[in-house]
Amino acid sequence: MALGTATAPYELRFDAGRICLDLLATTHPTERLDTVDVLRAWITGSGLVPADTQLTHADASWLTGFRELRGHVGQLVRGSLAPGVRPYDLALARVNDLARPAPPAPRAVRREDGLLVRQLAGPPPCAALLAAVARDAVELLTDPVARAGLRQCEGDNCPIVYLDTSRGRRRRWCSSEICGNRERVARHRRRAALARA
């Protein structure tokens, strides 16, 4: 990526199974939330707001808020993966505080062709969007069934945590197309090297 360019939306990932986990994935392989434009793309891509929602009022303070929430959620999620480790009390208190405001209220609006579409009454405030992500984290961490499905990707140097909803709960990678493919390619190369030796 060239210096001074924003992360392309296709480089943002939304395959971790929960919005709060997708937010955690924005740190890999490097910081993804590096500009307000990228944050806007992430908010829209995550489904927090309908695709046509105007987020022109977002500013650098939004980046700070989302990165702070991401850090706290990361501490709590990774702490829940380590048996016997007590969650970080400060992170827990902060996520609970951020979850208090009402998330953006959707409404159904009829388009010209008669179909109903989801829309927001107005531009959502940052606190409402942070609340939606924080509530998702609270729901995930307090639901024993969902929490039991949390997995750390087995890919080399991949820190992504995802929700395993596969049959039999045997999923090994955050993404079969990314980390899974890398593992298959590495396995093939190791076999080819052994065959040559």
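Reading the values: the criteria
Residues numbered from 1 in each chain as written. Predicted model: local features only at pLDDT ≥ 70, side-chain atom pairs only at ≥ 80, totals over all residues. Heavy atoms only, no water. Helix = DSSP H or I, 4+ residues; strand = E, 2+ residues; numbered from the N terminus. Buried < 20%, exposed > 50% of the residue type's maximum accessible area, 1.4 Å probe, protein only. Contact = heavy atoms within 4.5 Å. Axes fitted to C-alpha atoms, helices over the stretch in contact; angles between N-to-C directions. Parallel < 35°, antiparallel > 145°, perpendicular 65-115°, else oblique. Left-handed = near helix turned anticlockwise from the far one by under 90°. Nonpolar A, V, L, I, M, F, W, Y, C, P; charged D, E, K, R; others polar. Pairing = 2+ DSSP bridges.

**Student:** Which residues make up the overall build of the chain, and what values go with them?
**Tutor:** The helix and strand inventory of the chain stands at 7 helices and 4 strands. Walking the chain from its N terminus toward its C terminus, one meets helices and strands in the order α-α-α-α-β-β-α-α-β-β-α. Taken along the three principal axes of its C-alpha coordinates, the chain extends 65 × 40 × 40 Å. Residues classed as buried in the chain amount to 39% of the 197 residues present. Taking contacts inside the chain between residues at least 6 apart in sequence as the whole, the part at least 24 apart equals 57%.

**Student:** Tell me about the packing of helix 2 (residues 36-45) against helix 3 (residues 60-81), and name the residues and values.
**Tutor:** Contact pair helix 2 / helix 3: the axes reach a minimum separation of 9 Å and the direction vectors enclose 60°. With respect to helix 3, the axis of helix 2 lies oblique. In this structure, helix 2 meets helix 3 at a crossing whose hand is left-handed. Residue-level contacts link Val-36, Leu-39, Trp-42 and Ile-43 of helix 2 to Ala-60, Trp-62, Leu-63 and Phe-66 of helix 3. Of the residues belonging to the contact of helix 2 with helix 3, the class tally is 8 nonpolar, no polar and no charged.

**Student:** Requested: an account of the pairing of strand 1 (residues 106-110), with residues and values cited.
**Tutor:** Little of strand 1 is tucked away: 0 of the 5 residues are buried. Of the pairings in the sheet, the one linking strand 1 to strand 2 (residues 116-120) comprises 5 bridges and is antiparallel in character. Looking at the pairing, Pro-106 lines up with Leu-120 of strand 2. Hairpin connection of strand 1 to strand 2: 5 residues between the antiparallel strands, including Gly-114 at a positive phi of 95°.

Taken by themselves, the reported measurements are silent on function.
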